[in-house]
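Each chain, letter by letter, is given below.
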Amino acid sequence: MWISAALAVVLVAGGGGFAAWKLDWFSGDGDPVSFGGTPAAGASAPGGSGGGKEAPKPSGDPDVQLETGPRAEFKQTGSLDDGTKIAKTRLTGAKSGFTGDVWVWAPKEYYEPTYAKSAFPVMIALPGGNGFPANYWSDRSLGLQKAISEGVQAGTSLPFVLIMPVLNPDEKNYYDGSDIPGQPKMGTWIAEDVPDFAKANFRTYKSRDGWAFMGSSSGAFVGLKEVLQHPDRFKAVIASGGEIVPDSPLWKGDTKGMDENNPRKLAQKLIDAKGPEVYINFQIGTKEKDRARMEKFQTEFGKGPVKVTIRDIQNGEHNGWHYVRGMKEGSLEWISKVLKGPKSAEG
């Protein structure tokens, strides 16, 4: 026993591969995680298999869509202090043909028996930069998941399910979240395959009233574009420090394709069609330089069905931590007022 104890001390004190292994072993990272099923009353802790005697009655909302399947296999990549898990899976999009990683997280309310047959709003969170091979919103250190959890407790946020896909297929180029001719269909991946994946694995809303985007930098552009391009599917976006026109070099002068993915053109088209209404909340740090482009967009297109607000983040810079702070200071409450939240079986 003493020899075993001494060996354990030596190994724990060591570094290298074992250090990484022991951290995963103690944290649970790499373990299977289940978000599926309609848990019965008395369900166990978040991410567990659950159990109980009697399932709650359906919420009665015809907009509720239970998991459609097939369910993905998830592996834990992180956990929060409240026991909720961040997990990852590999998705091959049935419509785009693109294969990429997707991270997910569900708030603790998702596992509560009273909400077991209720839909939850989905927020598709998009990163900036290369957006490959990882989505930085899946890193709990940025605080996005915690901000939502704390907002729920404070009554200022809906309990969003987060879906965090890779944004681009490689580190070399930026694809504007669009189907650029001759390139992977990243527009179809974001607008169709990722939402279909969310519906397969989570209880969601059939209508657009439970679907939104948030993103930073290049991810903000894609979220903005998707809401304006598909207002029948998505209702709102929090767009932080992003571009407002497509600028991928892969377009190679394809003016028609760029126009079809240009938020300015799409906003005008929506105004001309007189709806449906979409809600856009720009976030910008006061230490950034791009507020003027957001103001111009608001002045030109913030009318009719296109509802535009701008949130200034005091002393904010172009980074995820400050954008999450802006969400905590008001943007989460803003978006929660325009989307649907889960309905308790208890009424």
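Presented here is an overview of the structure given in this document. Each chain carries its own residue numbering, running from 1 in the direction its sequence is written. Per-residue local features of the predicted model are confined to residues with pLDDT of at least 70, and side-chain atom pairs are confined, for both listing and counting, to 80 or more; whole-chain, interface and lining totals are unaffected and use all residues. To obtain the side-chain values, all non-hydrogen atoms of the structure were included, while hydrogens and water were left out.

**Re the pairing of strand β10 (residues 236-240)**
Link 1 in the chain: Within β10, five of the five residues are buried, which leaves the element mostly enclosed by the surrounding structure.
Link 2 in the chain: Neither face of β10 is open: one carries Ala236, Ile238 and Ser240, the other Val237 and Ala239, and all of them are buried.
Link 3 in the chain: For two strands to be treated as a pair, DSSP must find at least two bridges joining them. In DSSP terms, a helix is any run of H or I states spanning at least four residues, a strand is any run of E spanning at least two, and both are numbered starting from the N terminus. Summarising the sheet, strand β9 (residues 211-216) and β10 pair through five bridges and their orientation is parallel. In the strand pairing of β10, serine 216 is matched with serine 240.
Link 4 in the chain: If you view a crossover with the strands going away from you and the path from the first strand over the helix to the second runs clockwise, you call it right-handed. In the classification by handedness, the crossover that spans β9, the intervening helix α5 (residues 218-229) and the parallel β10 is right-handed. When a residue's accessible area, from a 1.4 Å probe over protein chains only, is under 20% of the maximum for its type it is buried; when over 50% it is exposed; and in between it is partly exposed.

**Examining unusual backbone geometry**
Link 1 in the chain: A cis amide bond links glycine 69 with the next residue in sequence, proline 70, at an omega value of -5°.
Link 2 in the chain: With respect to the helices and strands, the residue proline 70 is situated in the loop between β2 (64-65) and β3 (74-79).
Link 3 in the chain: A cis amide bond, omega 5°, links phenylalanine 132 with the succeeding residue proline 133.
Link 4 in the chain: Take proline 133: it is sitting in the loop between β6 (122-126) and α3 (144-154).
Link 5 in the chain: Backbone geometry at lysine 274 places phi at a positive 65°, although glycine is not the residue there.
Link 6 in the chain: Residue classification places lysine 274 among the exposed residues on the basis of a relative accessible area of 71%.

**Looking at helix α8 (residues 291-301)**
Link 1 in the chain: Looking only at α8, the buried set comprises Met294, Phe297 and Phe301. Axial view of α8: buried residues confined to an arc of 65°, hence all on one face. Of the exposed residues in α8, the ones pointing more than 90 degrees away from its buried face are Ala292 and Thr299.
Link 2 in the chain: Contacts between residues were defined by any pair of non-hydrogen atoms, one from each residue, lying within 4.5 Å. Those residues of α8 hidden inside the fold are in contact with α5, α7 (263-273), β11 (278-285) and β12 (306-313). When we speak of the arc, we mean the arc of directions from the helix axis to the C-beta atoms.

Note that every value here comes from positions in space, so none of it alone points to a role or purpose.
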